[in-house]
Amino acid sequence: MDMWLQGFQLALSGMNPLYLLLGTVIGLVVGVLPAVGPSFAVTLALPFTFGMDPAAALIMLTAIQSACAYGDSIASILINVPGGPGTVASMWEGYPMTRQGKAGTALGIATGASFLGGIIGWLSFVVLAGPMTAFAMIIGAPEYFVLGMMALTLISIASKGETIKGLVMGALGLLLGMIGADPVSGITYRFNFGLEPLEAGVEITLGALAIFALPQLIEMLEEGGTIAQQVAEIKDSVVGGVVQVLRRPWSVIRGGTIGWLIGVLPALGTSAAGITAYLVEKNFSKEKENFGKGSMDGLTAAEVGKGACILGDGITSLMLGVPGSVTWAILMAALIIHGVQPGPRLMTSGVLPYAIFAGLLLGQLAYFIIGIFLVKYMTRIVRVPNQILAPIIGILCFLGAYVAKNYVPDIAIMVVLGVFAFAAQRNGYPTVPMILGFVLSDLIEGNFHRSLGVGFGSYSIFFTRPIALVMVVITVVFLAWPWIADAIRKRREATGRPSEALNAITDAEKGQVSTGELLFGGFVILVLLVFLVTSFSYTPDVRLFPVIVSVIGIALTVFWIIGALRTSRITPFEFKGLKPDKGGMPWLATLGMLAAYVVLVPLIGFAAASVIFFVVVVVLSGFQMVEGRWILVVATTIGIFAFLFLFAQLLQVELPVGLLGF
Amino acid sequence: MKRLILLAVVIVALLAAYACAPAPTPVPTQPPATAAPKPSEASKPAGAVWPTKDVTFIVPFSPGGGYDTQARIVQSVWPKYLAKKVNLVVTNQSGAGGKIGSLALMKAPADGVTIGILSPSSLALMQSNGELESFDIRKLTWLGQLSMDPGVVVANTASGLKTPQDLSKREIRIGVTSESLFANTLLAKKMTINARTVMFDGSPEQVLAAMRGDVDLMMDSWTSMKKAVDNSQGKLVPLFVVSDKRLPGWSDVPTSKEIGLELGDLQAIAGTARLVAAPAGVPAESAKAMEESLWGALQDPEYKAAMVKAGYDATFIARGADSNKTVATIMSVLEQNKDVLNSLKK
C-alpha cells in the first residue's frame, strides 16, 4: 500500500504531470487521424524519451497509447474509417448514429466506455495481475487453437441473414492472413505469386483500411453532400453519451470481460478485442434488431472491450515480459532501454513499476476529462463537404498504409484489396467476416501445427488438456445455443413456432438475387481456385490449412449459387460504374483516381502526388466553387502540403520522394 | 478564373514540395550492379567525405526488438564521432523476417546516405535459398559489429535433460523460430538428437512454451535466453554455451567443448551477430569514414553503459574487416551444410 502511495507521488511529482498531459495531447492528435493507431504514435515518440527519466518516459508513452486508442474511435464514429486497429467494430454502430444526428451521444459513449474499459483493465491489473499471469502461463498452443476456433464461430453472428456468403468471406479472410511466411516451416512464402511485397504478408492495419476505409471513401464521393446531410443540427451532448454507458451495465461487463481476457492472452490484440466484444454483445443484447442501425449496446461493448484490452495487454507485457501487443512491445523496449527489465521480478524493482501503474490510471483520467470537454468540437467534421473530406481521408489512408512498414508497395496492396472489398460490399457480400478471418488466421493455423508438435504428432492433445477441452465444450454450446434456447422456450411456452433466436441464424428468403451477386460469386470461386491450385506446390503441412479453407469456400459458394439459381428471381445486371446516379462522382472514376494516386507516389513523391490527388478529386467531383468556396480548396491544398511537410520534418518520417530524385 | 488561381496554387505548392523535400533519398531505379560504377558517377564533387547529409538507418525489424533497440542505442552515440552534424534517422522496414528492409538497403545507392543493421545469419539463409535476387551479402560494405550473442542451449527443468547423453535417449521437442530453425536443425544433426522442431512466432512465445514444458529444449541467443532463465523461477536451466569461452555472469555454465562436444562451425550460425552495413560499392574514402566513426562510437563508454543498462552485452564488438570475416564464415557454414538446408524444405 505504501508503495502505491509512493508510486502516485512519483507520478505526480516534478514535470511528470506535464508529460502526462503532453502525452495525452499527442495521443489525441494522432488518434484523431484516421488510419494511424497507437503503435505508430508510440514509435514516433520513443526516441524523444531516451533522455528523460524512466518514470517520465513511461508515463508519457502510456498516456500517448491510451489517448491515441481513444482518439481512434473518433474517426471510426464520425467518418466510418477505422481510426486504428482497435476501433474497427466502433464503426459499425457509431457511424449509423452519426448519420442519425447522434454523433455527440456516440462520441460520449466512446469516451465513457473507453474510460470504463480502462478502469476495469486497471483494477484487474492491480487486483488480479498475479493470478492472471499464472493463467496466461498455462495457456499454450492447443488452447490458443481452440480459442481461435471459438472466435471464428462469431462469423455466424457477424453475417446473420447472409450466413453462407459470410462464411465464404470468412474463408477469404483466412486465406488473406495466410499470405507471407508460413507458420509451420517458417521458410515457405505462400501466395506471393512471385511478388516480393507479398512475402511480408498483409498488415492488420492495412487490411482494416482496405476493407473498410476505401469503400467508405468511394461511397462518400458517390453521394456528394456531407456525412450529416439529412441532419439539420447536432444537438445531443457528449455527457448524454456517458450517461448512456452507465445505463448499460451488462454491456459494460460483457465487453469489459471479453476485452480484458483477450488482452491478457498475449497472442490477441485490440483489433480482436473490439470485434469479439461487439459480436458477442450482438448475440446477447436485448436490442438485437437495432444492430447495424446505431445500437448503443453494440458501441458500448466494442469501446469497453478495446479499453480493457489495452490494459490487459499490459499485464503479460509487464509481469511476464511477453509483449501483449505491438504497442506494448515498444513500451517494453522503452523500459529496457532505461534499464528496467519487464518480467516477474518487475514488482521488486523499487517504486518505478508503481509509478507506471499510477501513470496508466492517470492517463485514463486525462483523456477522459479532455475528451468530455473537447470531443464535441470534432463533430464539425461531418459538416465538411464530402468532396473535400473524402480525398483527405484517401491521403491519410495512403499515409497510414505507408508508415506501417515504411514500404511503398503496401499502398498498392491496400488499393487492390480495397477494390475487392468494395466489389464484395456492392454485391451483398458482408465484409465483417472477412476481417474476422483475417485477424484470426495465423492464430488458428500456427497453433494447430504447434499443438501437434507439442503433442508429439497426436491429435489427442486437444482433448487431453483440461482448459482446451472446456473451451471445445463452450464452443459447441455456443454454436448450438439457438437450438438449446429454442428447446427451453418450447418447454416453457409449449408453442410450436420456432423462436426468434433460431430465426436469426437461418437466412431470410429474399426471393431475388442480382446478376452482380452471381458474377461476384463466380469471381470468388476463381480466386479460391487460384489459392487451391497454388497450395499444391507446398509441402503437406504447409498446404493443409489453405487447402481445407479454399475447398470449403468453393463448396459453399457453389452451394449458394445453385440455391440462388433454383429458388430466386434474377434481376438483370446493371452497370452503374459511370453513372452519377447518387448525385456525386461515379465509383469507377474514384477507382481510377485511386489507381493513378498509387502510380504517382513512387513517380513524383508522396507530397506532390497527394496534392495532385486532392485537387483532381475536388475538381472532378463537381465541387461547386461558389460563394468563395474555392478559398477553402486553396487553403486545404496548402494545409495538406504543410501537414505532410511538418509530418516528415518534425517526426523524422521519410516519405517517398519519387524517381525524379528531388 | 477561380480554377486558374487554384491551378496556380497547386503549381506553387508542388514546386515548394520539391524545393524543400525533406532528407531526400532517391528511390533506386536499378539495383546497383556488382560491377563498379563509372568513377565519374561514383565520386561526389565535394570529395567522398562522409557524412554529407542526413543518414537513413534501416532497421529491417519492427520497433521494440533487439535490433531496433541496439540501433537506437548506437544512433544516440554515433553522432559524437561524425565529422559533420547530421541526423541518423532510424527507419523500421519490417517484414518477411527482415528481408524487405535488408533488400531495401542492398538496393539503395552506395552513397553513404543509407545504412542498416543486419542479421548476417538470416541473410545467409535467404541467399542460400536464392531469395536475395542476385545480391551477395559478402560484397556489402560491412561497417562493424554492435554485438554478438553466442548461442546457448536451454532445457525445461522438468524434462529431465541434463547432459548431452540425455538428449539422445528419447524424442526431443525443440522450440524454434524461423530465424533459429536452421541452427537448431544443424545442432540436432550434429548431436544425433531425435528432434521434433516446433515453430513459434517469436522468442517470447517460444520461451513461455519451454517454461510450460510444451517443448523440452531450445537453442537461441544468449541475452534473450539469459533473461528467460532469470525470469523462469527455476523452470529453465542452461545446459551449455556454443562458444569457446564461458560467458560473463554465466561462469557456471560449461562450453560445448568442455562437455566433449565438437560443434565447430555451428558457433558461427548459432549466435546472433548484429552488424551494420552499407550497400555494396561505397567509395573507399566514405567507407573508411563510416567504419572509423562507428568504431569510435562502439568503444565509447557511453555505448557500453547504455547496452549493459538495456540488458545487452557489449563485449563482442568488432570493426568492419572482422565483420566481413564473420559474414564469410557464416556463408561457408551454409554452403557446407546444403543437405540440412534442403531437408528443411521437405
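That block above? That's the structure.
Residues numbered from 1 in each chain as written. Chains lettered and ligands numbered in written order. Predicted model: local features only at pLDDT ≥ 70, side-chain atom pairs only at ≥ 80, totals over all residues. Heavy atoms only, no water.

1. A closer look at the overall build of chain A
- Broken down by element type, chain A carries 27 helices and four strands.
- Here the C-alpha atoms of chain A give a radius of gyration of 25 Å, agreeing with the 26 Å that 2.2 N^0.38 yields for 662 residues.
- Summarising its shape, the C-alpha atoms of chain A cover approximately 75 × 70 × 55 Å along the three principal directions.
- Here chain A, with 662 residues, has 63% of them falling under the buried criterion.
- In chain A, 79% of the contacts between residues at least 6 apart in sequence involve partners at least 24 apart.
- For chain A, the exposed surface amounts to about 23900 Å²; the carbon and sulfur share of it is 70%.
- Positive and negative side-chain charges in chain A, numbering 35 and 35 respectively, have mean positions lying 8 Å apart. (Helix = DSSP H or I, 4+ residues; strand = E, 2+ residues; numbered from the N terminus. Rg over C-alpha atoms; globule rule 2.2 N^0.38 Å. Buried < 20%, exposed > 50% of the residue type's maximum accessible area, 1.4 Å probe, protein only. Contact = heavy atoms within 4.5 Å. Areas by Shrake-Rupley, 256 points an atom, 1.4 Å probe, with all protein chains shown as cover. Lys, Arg positive; Asp, Glu negative; His and termini not counted. Charge placed at Lys NZ, Arg CZ, Asp CG, Glu CD.)

2. Side note on the overall build of chain B
- The helix and strand inventory of chain B stands at 13 helices and eleven strands.
- Taking all 346 residues of chain B together, 57% fall into the buried category.
- Partitioning the contacts of chain B with sequence separation of at least 6, the portion at a separation of at least 24 is 77%.

3. Remarks on the packing of helix H13 (residues 270-284) of chain A against helix H19 (residues 432-454) of chain A
Residues and elements named next belong to chain A.
- Taken N-terminus to C-terminus, the directions of H13 and H19 make an angle of 135°; their axes are 11 Å apart at the nearest point. With respect to H19, the axis of H13 lies oblique. The crossing of H13 and H19 is left-handed. Counted together, Ser271, Ala272, Ile275 and Leu279 of H13 and Ile435, Leu436 and Val439 of H19 form the full contact between these two elements.
- When its residues are assigned to classes, the contact of H13 with H19 shows six nonpolar, one polar and no charged. (Axes fitted to C-alpha atoms, helices over the stretch in contact; angles between N-to-C directions. Parallel < 35°, antiparallel > 145°, perpendicular 65-115°, else oblique. Left-handed = near helix turned anticlockwise from the far one by under 90°. Nonpolar A, V, L, I, M, F, W, Y, C, P; charged D, E, K, R; others polar.)

4. Quick look at the sheet that holds strand S2 (residues 88-92) of chain B
Residue and element names in this part refer to chain B.
- Here we have six strands laid out as an open sheet, ordered S2-S1-S3-S10-S4-S11, and mixed in their pairing. A strand with exactly one partner marks an edge of an open sheet, and here the two such strands are S2 and strand S11 (318-319).
- When strand S4 (residues 141-149) meets S11, the two strands line up antiparallel, connected through two bridges. Bridging across to S11, Gly144 finds its partner in Arg319.
- Helix H4 (residues 99-107) contacts strand S1 (55-59), strand S3 (114-118) and strand S10 (272-278) of the sheet and is inclined by roughly 145° relative to S3. (Pairing = 2+ DSSP bridges.)

5. So, the packing of aromatic side chains
Residue and element names in this part refer to chain A.
- Counting across every chain of the model gives 36 aromatic pairs over all chains.
- Plain terms: the ring middles of Trp4 and Tyr354 are 5.1 Å apart, the flat faces sit at 85° to each other, and that makes the pair edge-to-face. Here Tyr354 lies in helix H16 (residues 352-378) and Trp4 lies in helix H1 (residues 2-11), a separation of 350 residues in the sequence. Of the two residues examined, Trp4 and Tyr354, each falls in the buried class.
- Between Phe145 and Phe462, the ring centres sit 5.0 Å apart and the planes meet at 45°, which makes this aromatic pair tilted. (Phe/Tyr/Trp six-rings, centres within 6.5 Å; stacked < 30°, edge-to-face > 60°.)

6. Quick notes on helix H6 (residues 103-138) of chain A
- Taking 1.5 Å per residue as the helical rise, H6 of chain A with its 36 residues ought to reach 52 Å, whereas the 43 Å between its terminal C-alpha atoms falls clearly short.
- When the local axis directions of H6 of chain A are compared, the greatest deviation, roughly 85°, occurs at Leu128 of chain A, which is followed within four positions by the proline Pro131 of chain A. (Expected span 1.5 Å × (residues − 1). Bend = angle between axes of the 7 residues up to and from the residue.)

7. Brief notes about the interface of chain A and chain B
- On the side of chain B, 65 residues touch chain A, which itself brings 72 residues to the contact.
- Note on chain A versus chain B: buried area summed over both sides is about 6100 Å², and carbon and sulfur give 65% of it.
- For the chain A face of the interface with chain B, the top three residues by lost area are Arg450, Phe456 and Glu654 of chain A, together amounting to 11%.
- There are four salt bridges connecting chain A and chain B.
- Two residues, Glu199 of chain A and Lys99 of chain B, come together in a salt bridge whose shortest N-O distance is 2.2 Å.
- The interface formed by chain A and chain B holds twelve residue pairs in polar contact (both at pLDDT 80 or more) in total.
- Every element with two or more residues in the side of chain A that touches chain B is listed here: H6, helix H15 (326-337), H19, helix H26 (606-620) and helix H27 (629-651) of chain A.
- Considering each element in turn, the side of chain A that touches chain B owes the most residues, nine residues, to H27 of chain A.
- A breakdown of the residues in the side of chain A that touches chain B according to their chemical character gives 47 nonpolar, 17 polar and eight charged. (Buried area = accessible area lost by both parts, 1.4 Å probe. Salt bridge = Lys/Arg side-chain N within 4 Å of Asp/Glu carboxyl O. Polar contact = N/O pair within 3.5 Å; in protein donor to acceptor, adjacent residues only side chain to side chain.)

8. Some words on the pairing of S10 of chain B
All names here are of chain B.
- Burial runs high along S10: seven of the seven residues are buried.
- Side-chain alternation along S10 places Thr272, Arg274, Val276 and Ala278 on one buried face and Ala273, Leu275 and Ala277 on a second face that is also buried.
- One ladder, built from three bridges, connects S3 with S10; its direction is antiparallel. From the neighbouring strand, Ile117 faces S10, where its bridge partner is Val276.
- As judged from the seven bridges shared by S4 and S10, these two strands associate in the antiparallel manner. Across the sheet, Gln145 pairs through a bridge with Leu275, a residue of S10.

9. Brief notes about the nonpolar core
- Core analysis: the biggest nonpolar cluster contains 242 residues, and Trp92, Phe125, Phe398, Met414, Ile435 and Phe606 of chain A together with Leu236 of chain B have the highest contact counts within it.
- In terms of residue count, helix H4 (residues 54-79) of chain A provides more of this core than any other element does, 16 residues in total.
- Each residue touching Ile435 of chain A, except ones within four places of it in the same chain, is listed here: Trp92, Gly207, Ala208, Ile211, Phe212 and Ile275 of chain A.
- Counting residues in each nonpolar core, the second largest holds 52 residues, with Met106, Leu181, Ile193 and Ile269 of chain B among its members. (Core = buried A, V, L, I, M, F, W, Y, C linked by side-chain atoms within 4.5 Å.)

10. What about the side chain of Ser128 of chain B?
- If you trace the backbone, Ser128 of chain B turns up in helix H5 (residues 120-128).
- If sequence neighbours within four positions are ignored, Ser128 of chain B has contacts with Met331, Leu334, Lys338 and Leu341 of chain B.

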